[in-house]
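Summary of structural features
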Amino acid sequence: MSGKHSTASGALAFYSQLDDFETWKHALLAQLPGLDIRHSSALGDPADIHYALVWKPPAGFFDGMLKLRLIVNLGAGVDSLVNRADLPPGIPITRLTDPQMARMMAGYVLFAALRHARDIPHFEQAQRQGKWSYRHPRSPDEIRIAVLGLGQLGAVAATELSRLGHAVSGWSRSPKKIDGVHCHAGLATLDTVIANADILIVMLPLTPETRGILNRERLLRLPRGAAFINVARGALVDQAALTELLASGHIGTATLDVFEQEPLPATDPLWRMPNVLITPHLASVAIPSSAARQIASNILRVSAGQAPENLIDPGKAY
Ligand code: NDP
Ligand code: OXD
């Protein structure tokens, strides 16, 4: 960032129920000392706000922000921001594409995939029963892993999985070339990718095109006993069908970080399934120390009349 611009001023509204305001404020002020950073609980006049740094703001949050110039999504998935009634038209929306976030996600995905590849759920269950239950390890190249979504996060995870020696395929909208990954593109190839996955990893954005894409029919295409990992969005999947197929053993095990409804209701049967590992939507998070620089850079670009980077495409909704 050029020093001559680092005096950008204006007011930024912060909203997140998960991220620490003081940490973000500190990280942003280190980049832009002149920025007036306001927590959503003390915004003052919305007409003063120029920038918004938000994670899942409630409906109506942007009402009255007549001078808004930039919305920064405090995370990767922008499904809670696109097509909202309270957004002034034409305001650019950017998202975080932080390498640290991709590394954190790859760490979670490697953990979950290896857990299935090395049959750890089987040994956990055997241990609880006091059983020495030998299961001969499979060679990594015999375990076929498919990654749906080869974007900022999926491409890194797929590459790391291939470095472990697994047979990795990937699926995206447009054709890709990634070393060590057999890439497929377009809806016509999806069923084949799924049918050849011993471990299926979902890393797609939630858009009108992808909502419900993993329906019962597609889940049934998985080889019997396959593992299912979802770190993207719950609404990509028919959760009732997933639950039923886990109960019947058609799907052997699952690691689920995201759900149709979050928090996952206490009554949901997934909580009590021995073949399911549940984590509360934290596979990866935005990291202030590394992400503040790209946010500040975009604020400076917008205040200088330039287009920001990491813009989402409202037409594609990601
Ligand atoms: P990107 O936008 O960088 O990548 C999205 C990928 O999905 C691209 O490869 C894209 O294809 C592909 N895709 C989108 N629509 C389609 C479609 N209709 N058909 C086929 N492929 C499609 O996203 P990220 O990698 O940054 O993040 C992915 C998702 O992960 C986020 O949207 C978010 O929901 C989730 N997430 C979850 C977190 C957690 O903690 N659980 C943390 C962070 C993110 P193409 O490359 O051709 O455009
Ligand atoms: C997400 C995120 O998109 O945490 O889920 O960034």
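A quick note: this is a predicted structure, and the numbers were derived from the prediction, not measured. (Residues numbered from 1 in each chain as written. Chains lettered and ligands numbered in written order. Predicted model: local features only at pLDDT ≥ 70, side-chain atom pairs only at ≥ 80, totals over all residues. Heavy atoms only, no water.)

1. A look at the confidence of the model for the protein
A residue-level look at the protein finds 98% of positions with pLDDT of 70 or above and a mean pLDDT of 95. Long-range and interchain partners of residues 1–5, a stretch whose pLDDT sits below 50, account for seven contacts in this model, where long-range means more than four residues apart. (pLDDT = per-residue confidence, 0-100. Contact = heavy atoms within 4.5 Å.)

2. Some thoughts on a nonpolar patch on the surface
On the surface, M104, L282 and V285 cluster together into a nonpolar patch covering about 230 Å² of accessible area. Mapping M104 onto the fold places it in helix α2 (residues 99–117). Judged by relative accessible area, which is 35%, M104 ranks as partly exposed. (Patch = residues over 30% accessible without salt bridge, like charges linked within 9 Å, V, L, I, M, F, W, Y side chains within 5 Å. Areas by Shrake-Rupley, 256 points an atom, 1.4 Å probe, with all protein chains shown as cover. Salt bridge = Lys/Arg side-chain N within 4 Å of Asp/Glu carboxyl O. Helix = DSSP H or I, 4+ residues; strand = E, 2+ residues; numbered from the N terminus. Buried < 20%, exposed > 50% of the residue type's maximum accessible area, 1.4 Å probe, protein only.)

3. Regarding the packing of helix α1 (residues 21–31) against helix α8 (residues 288–303)
For the pair α1 and α8, interaxial distance at closest approach is 9 Å and the crossing angle is 50°. By the angle class used here, α1 and α8 are oblique. Seen along the crossing, α1 lies across α8 with a hand that is right-handed. Here T23, W24, A27, L28 and Q31 of α1 lie close against α8, whose contacting residues are P288, A291, A292, R293, I295 and A296. (Axes fitted to C-alpha atoms, helices over the stretch in contact; angles between N-to-C directions. Parallel < 35°, antiparallel > 145°, perpendicular 65-115°, else oblique. Left-handed = near helix turned anticlockwise from the far one by under 90°.)

4. Brief notes about empty space enclosed by the protein
Once rolled over the atoms, a probe with the size of a water molecule shows which space is left empty. Summed over the entire model, instances satisfying the criterion amount to one cavity of 30 Å³ or more. Reported here for the largest cavity is a volume of approximately 50 Å³. Forming the walls of the largest cavity are N230, G234, V237, Q239, L242, L256, V258, F259 and L270. In terms of residue class, the lining of the largest cavity is built from six nonpolar, three polar and no charged. (1 Å grid on protein atoms, 1.4 Å probe; cavity = no way out; pocket = protein on both sides within 12 Å on 5 of 7 lines; lining within 4 Å. Points joined across faces, edges and corners; volume = space filled by probe spheres on them. Nonpolar A, V, L, I, M, F, W, Y, C, P; charged D, E, K, R; others polar.)

5. Quick notes on unusual backbone geometry
Following E262, the chain continues into P263 via a peptide bond in cis, with omega recorded as -5°. Unusually for a residue other than glycine, D119 sits at a positive phi of about 55°. On the basis of relative accessible area, D119 is assigned to the buried category, the value being 11%. We note that A317 has phi near 70°; this positive angle belongs to a residue other than glycine.

6. Thoughts on the sheet that holds strand β4 (residues 70–73)
Strand order in this open sheet of five strands is β2-β1-β3-β4-β5, and the pairing throughout is parallel. Since the sheet does not close on itself, it has two edges, and those belong to β2 (35–39) and β5 (93–95), each with one partner. The average undirected angle you get between the axes of adjacent strands in this sheet is 25°. In the packing of α1 onto the sheet, contacts are made with β1 (10–15), β2 and β3 (49–54), and the angle to β2 comes to roughly 170°. (Pairing = 2+ DSSP bridges.)

7. Notes on the nonpolar core
Judged by nonpolar contacts, the single largest core of 34 residues is most densely connected at L200, L214, L219, L222, F228 and L270. With four residues, helix α7 (residues 239–248) is the largest single contributor of residues to this core. (Core = buried A, V, L, I, M, F, W, Y, C linked by side-chain atoms within 4.5 Å.)

8. A look at the domain arrangement of the protein
The domain architecture assigned to the protein consists of domain 1 (11–98 + 286–303) and domain 2 (100–278). Domain 1 and domain 2 are separated by 32 Å when their C-alpha centres are compared. Across the contact, 13 residues belong to domain 1 and nine residues belong to domain 2. Summed over both partners, the interface of domain 1 with domain 2 comes to about 850 Å²; 59% of that surface belongs to carbon and sulfur atoms. Three residues, D79, D98 and I287, lead the burial of domain 1 against domain 2; their summed loss comes to 50% of the area buried on that side. The interface formed by domain 1 and domain 2 holds one salt bridge in total. (Domains from an automatic or database assignment. Buried area = accessible area lost by both parts, 1.4 Å probe.)

9. Considering the site of ligand 1
Not every one of the 31 residues close to ligand 1 is listed here, only the nearest: R95, S174, K176, D257 and Y318. Here a nitrogen atom of ligand 1 sits 2.9 Å away from a polar atom, N or O, in the main chain of R173. Coverage of ligand 1 by the protein chains reaches 93% of its 940 Å² of free accessible surface. Looking at the shell around ligand 1, the elements with two or more residues in it are α2 and β7 (167–172). Taken together, the residues of the shell around ligand 1 break down into 15 nonpolar, 10 polar and six charged. Among the domains, domain 1 (11–98 + 286–303) and domain 2 (100–278) are the pair contributing at least three residues each to the shell around ligand 1. (Near = heavy atom within 4 Å. Polar contact = N/O pair within 3.5 Å; in protein donor to acceptor, adjacent residues only side chain to side chain.)

10. A few points about the environment of A226
Its location among the elements puts A226 in strand β10 (residues 226–230). Classification of A226 by relative accessible area gives buried; the value is 2%. In the structure, A226 is positioned 25 residues away from I251 in sequence and 5.2 Å away in space, judged by C-alpha atoms. Setting aside chain neighbours within four positions, we find A226 in contact with A197, D198, H250, I251, G252 and T253.

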